[in-house]
Amino acid sequence: AQKITQTQPGMFVQEKEAVTLDCTYDTSDPSYGLFWYKQPSSGEMIFLIYQGSYDQQNATEGRYSLNFQKARKSANLVISASQLGDSAMYFCAMRGTTGANNLFFGTGTRLTVIP
Amino acid sequence: DTAVSQTPKYLVTQMGNDKSIKCEQNLGHDTMYWYKQDSKKFLKIMFSYNNKELIINETVPNRFSPKSPDKAHLNLHINSLELGDSAVYFCASSQAANTGELFFGEGSRLTVL
């Protein structure tokens, strides 16, 4: 069975500071993908970043980077130089390669950027 | 052009009614999904279709019936609506069944009174 855990229901960060949102996962699939999505108050789901389990390097996309520690089964999202527009819900998700092919989502972390 | 579009965006209806939500994607993707997001923001898969074929059917009441007339469309019909069906329903698509990120529609907020 696959499981995604986000232990931080809410986080606060000062504008222009960096913040790390935690995500741990559990899977028996030998190959899998890890995703982060942002959901602002307007409600849409915005894809941010992807990490494949066999990728040698941590994924980066602009101000987003994924701190992937395979042995610890963690895939934390790091947002650098936080902006007010980063205030949103952030979801970690995982997709395996066997069995069900959908994304399993964590419970989300609500990030608030303080001016 | 909206990649994944779903209609209606808002739906308010009485208990016991039947309603449908439509979804279309213009990305040429093979796989489409319906997710339900509850009041606590938890996202749960309901159904997945790959090339019009049902491949995921989670434990969902059989009042919910998906239909995929072609691989670009995946509609959700709900019979005998109940209060607990109130949620935001997201349609999504991905390039293939086991690869790529999901592209989401804007969501359809269903309120059952």
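### Comments concerning the overall build of chain B
Consideration 1: When its secondary structure is counted, chain B shows 0 helices and 11 strands.
Consideration 2: Counting from the amino terminus, helix and strand elements in chain B follow one another as β-β-β-β-β-β-β-β-β-β-β.
Consideration 3: The C-alpha atoms of chain B give a radius of gyration of 13 Å, which matches the 13 Å a tight globule of 113 residues would have.
Consideration 4: The buried share of chain B, taken over its 113 residues, is 42%.
Consideration 5: By sequence separation, contacts in chain B at least 24 residues apart represent 54% of the contacts at least 6 residues apart.
Consideration 6: Counting every atom, chain B has about 5,600 Å² of accessible surface; 47% of that belongs to carbon and sulfur.

### Observations concerning the state of the cysteines
Residues and elements named next belong to chain A.
Consideration 1: Taken as a whole and judged by the stated rule, the model has 2 disulfides over all chains.
Consideration 2: There is a disulfide in this structure between Cys 23 and Cys 92, and the S-S distance comes to 2.0 Å. Sign of the S-S torsion, about -65 degrees for the bond between Cys 23 and Cys 92, identifies this disulfide as left-handed. In this pair, Cys 23 sits in the loop between β3 (19–21) and β4 (24–26) while Cys 92 sits in strand β10 (residues 88–96), placing the two residues 69 residues apart along the sequence. Each member of the pair Cys 23 and Cys 92 is classed as buried.

### Overview of the sheet that holds strand β8 (residues 73–78) of chain B
All names here are of chain B.
Consideration 1: Spatially, the 4 strands line up as an open sheet ordered β1-β3-β8-β7, and their pairing is antiparallel. Lying at the two open borders of the sheet, with one neighbouring strand each, are β1 (4–7) and β7 (64–70). Between one strand axis and the next, the sheet turns by 15 degrees as a mean value, whatever way the strands run.
Consideration 2: Here strand β3 (residues 19–25) runs beside β8; their pairing, made up of 4 bridges, is antiparallel. When the sheet's bridge partners are listed, Glu 24 is paired in β8 with His 73.

What counts as what
Residues numbered from 1 in each chain as written. Chains lettered and ligands numbered in written order. Predicted model: local features only at pLDDT ≥ 70, side-chain atom pairs only at ≥ 80, totals over all residues. Heavy atoms only, no water. Helix = DSSP H or I, 4+ residues; strand = E, 2+ residues; numbered from the N terminus. Rg over C-alpha atoms; globule rule 2.2 N^0.38 Å. Buried < 20%, exposed > 50% of the residue type's maximum accessible area, 1.4 Å probe, protein only. Contact = heavy atoms within 4.5 Å. Areas by Shrake-Rupley, 256 points an atom, 1.4 Å probe, with all protein chains shown as cover. Disulfide = S-S within 2.5 Å. Pairing = 2+ DSSP bridges. Axes fitted to C-alpha atoms, helices over the stretch in contact; angles between N-to-C directions.

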